[in-house]
Amino acid sequence: TFDRVDSDGCMSTNDTVLLLASGASGLTPSAEAFGEAVREVCDDLARQLIGDAEGASKDIRIEVINAASEDDAVEVGRSIARNNLLKCALHGEDPNWGRVLSAIGTTSAAFDPDKLNVAINDVWVCRNGSVGDDRDLVDMRPREVHIVADLAAGTRTATVRTNDLTADYVHENSAYSS
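A brief report on the enclosed structure follows. (Residues numbered from 1 in each chain as written. Predicted model: local features only at pLDDT ≥ 70, side-chain atom pairs only at ≥ 80, totals over all residues. Heavy atoms only, no water.)

## Some remarks on the overall build of the protein
Stage number 1. For the protein, the helix and strand inventory stands at 5 helices and 6 strands.
Stage number 2. Moving toward the C terminus, one meets the helices and strands of the protein in the order α-β-α-α-α-β-β-β-β-β-α.
Stage number 3. Projected onto its principal axes, the C-alpha coordinates of the protein cover approximately 55 × 45 × 30 Å.
Stage number 4. Within the protein, contacts between residues separated by at least 24 positions form 75% of all contacts whose residues are at least 6 apart in sequence.
Stage number 5. Both charge centroids of the protein, one from 16 positive and one from 31 negative side chains, sit 2 Å from each other. (Helix = DSSP H or I, 4+ residues; strand = E, 2+ residues; numbered from the N terminus. Contact = heavy atoms within 4.5 Å. Lys, Arg positive; Asp, Glu negative; His and termini not counted. Charge placed at Lys NZ, Arg CZ, Asp CG, Glu CD.)

Written out as structure tokens, the structure reads:
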């Protein structure tokens, strides 16, 4: 959850996550139930972190599917999340799937470029490494953007969350001196 949040590719030295339990409720959930409840809370908090990112106007969920390994899926998700050209395009409401392919291509993940598929907000704009459905069908107006990158190389998946890159983000991070 938190490890899969990547607003700007930089790790904050000021962010901390603590989990405390006093036992005061008297309840003793199973390890599975407790683990799932913690995961759900952390996932919700991770979504809120992206929603509260400095100057962001889009909350972007990148889902990498059919990867050869989870490491490949995470590497691809992070590469897409850190692609500034894509983040600018999404801010401008441009469903630029070429930027997604470019980000995938910079990784060491296993994939065949002729089998890559990309969906943006449920429209498969890239099929088999080429033009897919009409990109004009992609509704980019909502704050939430969902990108699916199908590597067609296995069965593993990972999700990475990020936000767009806006002039407000640049201003907020350049308007002070430390």
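## Quick word on the pattern of salt bridges
Side chains carrying opposite charge are able to pair once their charged atoms draw close together.
Stage number 1. Inspection of every chain in the model, using the stated rule, returns 15 salt bridges.
Stage number 2. In this structure, the salt-bridge partner of E36 is R39, at a minimum N-O distance of 3.0 Å. With a gap of 3 residues between them, E36 and R39 both fall in helix 1 (residues 31–51), about one helical turn apart.
Stage number 3. By relative accessible area, R39 is classed as partly exposed at 39%.
Stage number 4. Salt-bridge contacts for R161 lead to D43; the nearest nitrogen and oxygen are separated by 3.4 Å. One end of the pair, R161, is in strand 6 (residues 156–163); the other, D43, is in helix 1, with 118 residues separating them in the sequence.
Stage number 5. With a relative accessible area of 14%, R161 lands in the buried category.
Stage number 6. On the basis of relative accessibility, which here comes to 17%, the residue D43 falls in the buried class. (Salt bridge = Lys/Arg side-chain N within 4 Å of Asp/Glu carboxyl O. Buried < 20%, exposed > 50% of the residue type's maximum accessible area, 1.4 Å probe, protein only.)

## A short note on the environment of R61
Stage number 1. Along the chain, R61 falls in strand 1 (residues 59–67).
Stage number 2. R61 sits in the partly exposed class, given a relative accessible area of 31%.
Stage number 3. Here R61 is in contact with V145, H146, I147, T159, V160 and R161, once residues within four sequence places are set aside.
Stage number 4. Within the structure, R61 has its side chain in polar contact with the side chain of H146 (distance 3.4 Å). (Polar contact = N/O pair within 3.5 Å; in protein donor to acceptor, adjacent residues only side chain to side chain.)

Nothing here speaks to function; it is all geometry.
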